[in-house]
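In case you want the letters, here they are:
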Amino acid sequence: MTTATRPKPPFPRQHQRRPGLEARMRPRPEYHAAEYRPAGKLNGKRALITGGDSGIGRAVAVLYAKEGADVALLYLREEERDARETQAAVDEAGRKAVLIPGDIRSPEFCRRAVERAVRELGGLDILVNNAAFQSGKEELGEISEDDWDRTFRTNVGAVFSLTKAALPHLKPGSSIINTGSVVGLRGSEKLLDYGATKGALHAFTKSLALNLSDKGIRVNCVAPGPVWTPLNVADKSREKVAHFGEKTPMGRPAQPEEVAPAFVFFASNADSSYISGEILTLLGGETLP
């Protein structure tokens, strides 16, 4: 699908209970990347992707498979339907997808998930910390201690646990890629806790890149603006979903398949061997200093 024919607001009014399913979204997010031309950039690589069932994670898994990588996908059990669809798309690309359901807020699950991924894939070369929790609130007083804890445990704590568990398996030439957000750069009046976690993730990316430079492991971050995924449909009212992304210069949110090539870029040593500690924004024409 070309840029000119991408879906634009207004979208059908819709809302889902968290975490949301891509299978129920209308229009369906685009992840097949029909215009993408693979070049074997990740041949023989093994990747672990959190939130790999849908949205950005699904599109990344599909492009990684097209580039020759096998993938392990972490997701919540409620998202099994989406995960099976992603697995089928990876299979269609001729690669292997290992499904690992569970809650990444648990450090023990993170450790077990990494060990299983390494065991079933035969090793690990790429870690994509993509899963996130988002719950918009009008005022700070509406955010409970439990809300704050859940957002930080999912968006920051899990990144720490998974990265720590993965590092012993990563060799020189490996890559860690985090999914940040534009709200972690400029803030958001309705996403106070989410914005704080993404700002922390950006800082963690830069610090870890410095820490791992002598080990030959690169660490980078992709920070998109609005993307058409279940995360947003499950967090916003029907009316806000209908107009989601229309304030970008392009007048629409990104489709997941438009964001995923940035993850290929950071994972590929052919493309980004001299790049680490970077935050790459994808904002639909918006510019930030």
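Everything below is about the structure shown above.
Along each chain, residue indices are assigned from 1 in the same order as the chain's sequence is written. In keeping with the model being predicted, local features are shown solely for residues with a pLDDT of at least 70 and side-chain atom pairs are shown and tallied solely at 80 or more, while totals for entire chains, interfaces and linings include all residues. Values reported for side chains reflect all heavy atoms of the structure, with hydrogen atoms and water molecules removed beforehand.

Draft legend 1. Representation of the nonpolar core. Here the nonpolar core consists of buried residues drawn from Ala, Val, Leu, Ile, Met, Phe, Trp, Tyr and Cys, with membership extended through side-chain atoms lying within 4.5 Å. A simple rule labels every residue: compare its accessible area, found with a 1.4 Å probe on the protein chains alone, to the largest value its type can have, and call it buried under 20%, exposed over 50%, or partly exposed in between. Membership of the largest hydrophobic core comes to 36 residues, with the highest contact counts inside it found for Ile-49, Tyr-64, Val-71, Ile-126, Ile-177 and Phe-263. Strands are runs of DSSP state E lasting at least 2 residues, helices are runs of H or I lasting at least 4, and numbering of each runs from the N terminus. Put simply, the parts of the chain that give this core at least two residues each are strand S1 (46-50), helix H1 (55-66), strand S2 (70-75), helix H2 (80-92), strand S3 (97-101), strand S4 (126-129) and helix H9 (256-267). For this core, the element with the most residues is H1, which contributes eight residues. In what follows, residue pairs with any heavy atoms lying within 4.5 Å of each other are defined as contacts. For Tyr-64, the contacting residues outside a window of four places in its chain are Leu-42, Ala-47, Ile-49, Ala-69, Val-71, Ile-126, Val-128, Ile-177, Phe-263, Val-264 and Ala-267. Membership of the second largest hydrophobic core comes to 26 residues, among which are Ala-72, Leu-74, Leu-208 and Ala-209.

Draft legend 2. Structural view of the pairing of strand S5 (residues 175-179). Among the five residues in S5, five count as buried, and that is most of the element. Of the two faces of S5, the one holding Ser-175, Ile-177 and Thr-179 and the one holding Ile-176 and Asn-178 are both buried throughout. Here a strand pair is declared whenever DSSP counts at least two bridges between the two strands. Relative to S5, S4 is paired through four bridges, and the arrangement is parallel. Along S5, the bridge assignment pairs Val-128 with Ile-177. Note on handedness: a clockwise path from strand one over the helix to strand two, with the strands aimed away from the viewer, defines a right-handed crossover. Regarding the hand of the β-α-β motif, the stretch spanning S4, helix H4 (residues 145-166) and S5 is right-handed.

Draft legend 3. Representation of the packing of H1 against H9. Lines fitted to C-alpha atoms define the axes here, with helix axes fitted over just the stretch in contact, and angles between the N-to-C directions of these axes take values from 0 to 180 degrees. Between H1 and H9, the shortest axis-to-axis distance is 8 Å and the interhelical angle comes to 55°. Judged by the inter-axis angle, H1 sits oblique to H9. As H1 runs across H9, the sense of the crossing is right-handed. Of the residues in H9, those touching H1 at Gly-55, Ile-56, Ala-59, Val-60, Leu-63 and Tyr-64 are Pro-256, Glu-257, Val-259, Ala-260, Pro-261, Phe-263, Val-264 and Ala-267. Counted by class, the contact of H1 with H9 contains 12 nonpolar, one polar and one charged residues. Should an angle lie under 35 degrees it is considered roughly parallel, over 145 roughly antiparallel, and from 65 to 115 roughly perpendicular; all remaining angles are considered oblique. By the definition used in this description, the sense in which the near helix is turned from the far one sets the handedness, with an anticlockwise turn below a right angle giving left-handed and a clockwise turn giving right-handed. Residue classes follow a fixed rule: Ala, Val, Leu, Ile, Met, Phe, Trp, Tyr, Cys and Pro count as nonpolar, while Asp, Glu, Lys and Arg count as charged, and any other residue, Gly among them, counts as polar.

Draft legend 4. Here's a closer look at the pattern of salt bridges. Salt bridge, as applied in this entry: a Lys or Arg side-chain nitrogen positioned within 4 Å of an Asp or Glu carboxyl oxygen. Within this structure, the stated rule accounts for 22 salt bridges. Note that Glu-258 and Arg-6 form a salt bridge whose closest N and O atoms lie 3.5 Å from each other. On the criterion of sequence distance, the pair formed by Glu-258 in helix H9 and Arg-6 in the segment before S1 is long-range, its members being 252 residues apart. With relative accessibility at 9%, the residue Arg-6 sits in the buried group. The partner of Glu-286 in a salt bridge is Arg-186, with the nearest N and O atoms 2.3 Å apart. Highlighted residues: Glu-286 in the segment after strand S7 (279-282) and Arg-186 in helix H5 (residues 183-186), separated in sequence by 100 residues. Among the ionic contacts, a cluster of salt bridges with common partners joins Arg-6, Glu-30, Arg-252, Glu-257 and Glu-258.

These results come straight from atomic positions and should not be treated as a statement about function.
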